[in-house]
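Structural characterization, general
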Amino acid sequence: MSLLVKICGLSTPETLDVALQEGADMVGFVFFSPSPRHLGLEAARELGRQAKGRAIKVALTVDADDPTLENIVETLRPDILQLHGRETIARLRDIKAKFGLPLMKALAVETADDLAPLAGYAAVADRILFDARAPKGATRPGGLGTVFDWQVLAKLDLKLPYMVSGGLTADNVAEAVRVTRAGGVDVSSGVERSPGIKDPEMIREFIRAARAIEELTVR
C-alpha cells in the first residue's frame with residue numbers, strides 16, 4: 001500500500017497546483033480564523049473546484065458548530081472532515097450522522113498517556129491523525145512546526161488507518177514513517193517560508209521525499 005501524502009493549509013491556486021501536479025493524495029483547507037492558513041468560503045469554493053477529481057479534499061475545522069460545518073460542506077464539497085479540536089466521541093457520532101462524510105480525528109500527542117482516548121475515537125472515526133500537542137498558550141492546536149516523540153507510536157497496534165503530523169519536513173519524513181509505521185504523512189508549516197505562506201519548491205521536495213520511502217512497509 002502506498003504512503004498517503006497530505007499537504008495541508010493550502011490557500012492559493014498556485015501552491016495548490018504544485019501540490020496537485022506533484023501527486024499529493026490529499027489537500028487540506030483550514031477553516032479556523034486564528035490560523036494564518038484560514039480560508040474564506042469564496043476562496044475555498046474556487047480551490048475546491050481546482051482540486052476536484054485530482055486529490056482528496058480535506059476540510060480542517062476546530063470545534064466547529066453545525067452551521068459552520070454546513071457552510072463548509074456546501075462550499076468546498078470536501079471528501080473528508082478533519083476534526084482538530086476537542087471534539088468528543090459523541091460529537092463525532094453526531095457529525096457523521098448529520099453530514100455523512102468520513103471523519104479524520106486529530107489526536108494531540110506528547111506522551112503515551114495521550115493515547116488513552118484513542119480506542120473510543122477509533123470506533124467512530126475513519127482515520128486518525130497523530131499531531132504534536134500544542135504548547136500552553138498557543139492560539140491553535142496544530143500547524144506550529146512542533147515534532148512529538150514518534151517512539152510513543154512505535155508499538156501502536158491500530159487497525160484503523162492513521163497518519164502522522166507535527167513538524168514534518170523533507171528531511172525527517174522518512175524517519176517519522178520508519179518509527180511510527182504510519183500509512184500517511186501530513187505537512188503544513190514544514191513546506192512554508194513563513195507562517196501561512198507555502199513555498200512551491202518545499203512542497204515539491206516534501207512530496208518527492210515521501211515518495212522515495214514508499215518501499216517501506218506501511219499500513
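To keep things clear, this report deals only with the structure shown in the data block. Everything numeric in this text was worked out from a predicted model, so none of it was measured. (Residues numbered from 1 in each chain as written. Predicted model: local features only at pLDDT ≥ 70, side-chain atom pairs only at ≥ 80, totals over all residues. Heavy atoms only, no water.)

To continue, consider the packing of aromatic side chains. As enumerated under the stated definition, the model contains one aromatic pair in all. Look at F130 and Y162: their rings are 5.7 Å apart centre to centre, the planes differ by 75°, and that puts the pair in the edge-to-face class. Taken together, the residues span a long stretch of sequence, with F130 in strand β6 (residues 127–132) and Y162 in strand β7 (residues 162–164) at a distance of 32 residues. The pair F130 / Y162 is uniform in exposure class, with both members buried. Sitting over the ring of F99, K98 keeps its end group 6.0 Å from the ring centre. The lysine or arginine in question, K105, covers the ring of Y121, its NZ or CZ lying 5.2 Å from the ring centre. (Phe/Tyr/Trp six-rings, centres within 6.5 Å; stacked < 30°, edge-to-face > 60°. Helix = DSSP H or I, 4+ residues; strand = E, 2+ residues; numbered from the N terminus. Buried < 20%, exposed > 50% of the residue type's maximum accessible area, 1.4 Å probe, protein only. Lys NZ or Arg CZ within 6 Å of the ring centre and 35° of its normal.)

The next subject is the nonpolar core. Soluble, globular proteins show a tendency: their nonpolar side chains are buried together. By size, the foremost hydrophobic cluster in this structure holds 64 residues, and its most contacted members are I7, V27, F130 and V185. When near neighbours in sequence (up to four residues on either side) are disregarded, F130 contacts L107, V109, L115, L118, F148, L153, L156, L158, Y162, M163, V164 and S165. Of all hydrophobic cores here, the second largest spans eight residues; its members include M26, I80, M104 and A106. (Core = buried A, V, L, I, M, F, W, Y, C linked by side-chain atoms within 4.5 Å. Contact = heavy atoms within 4.5 Å.)

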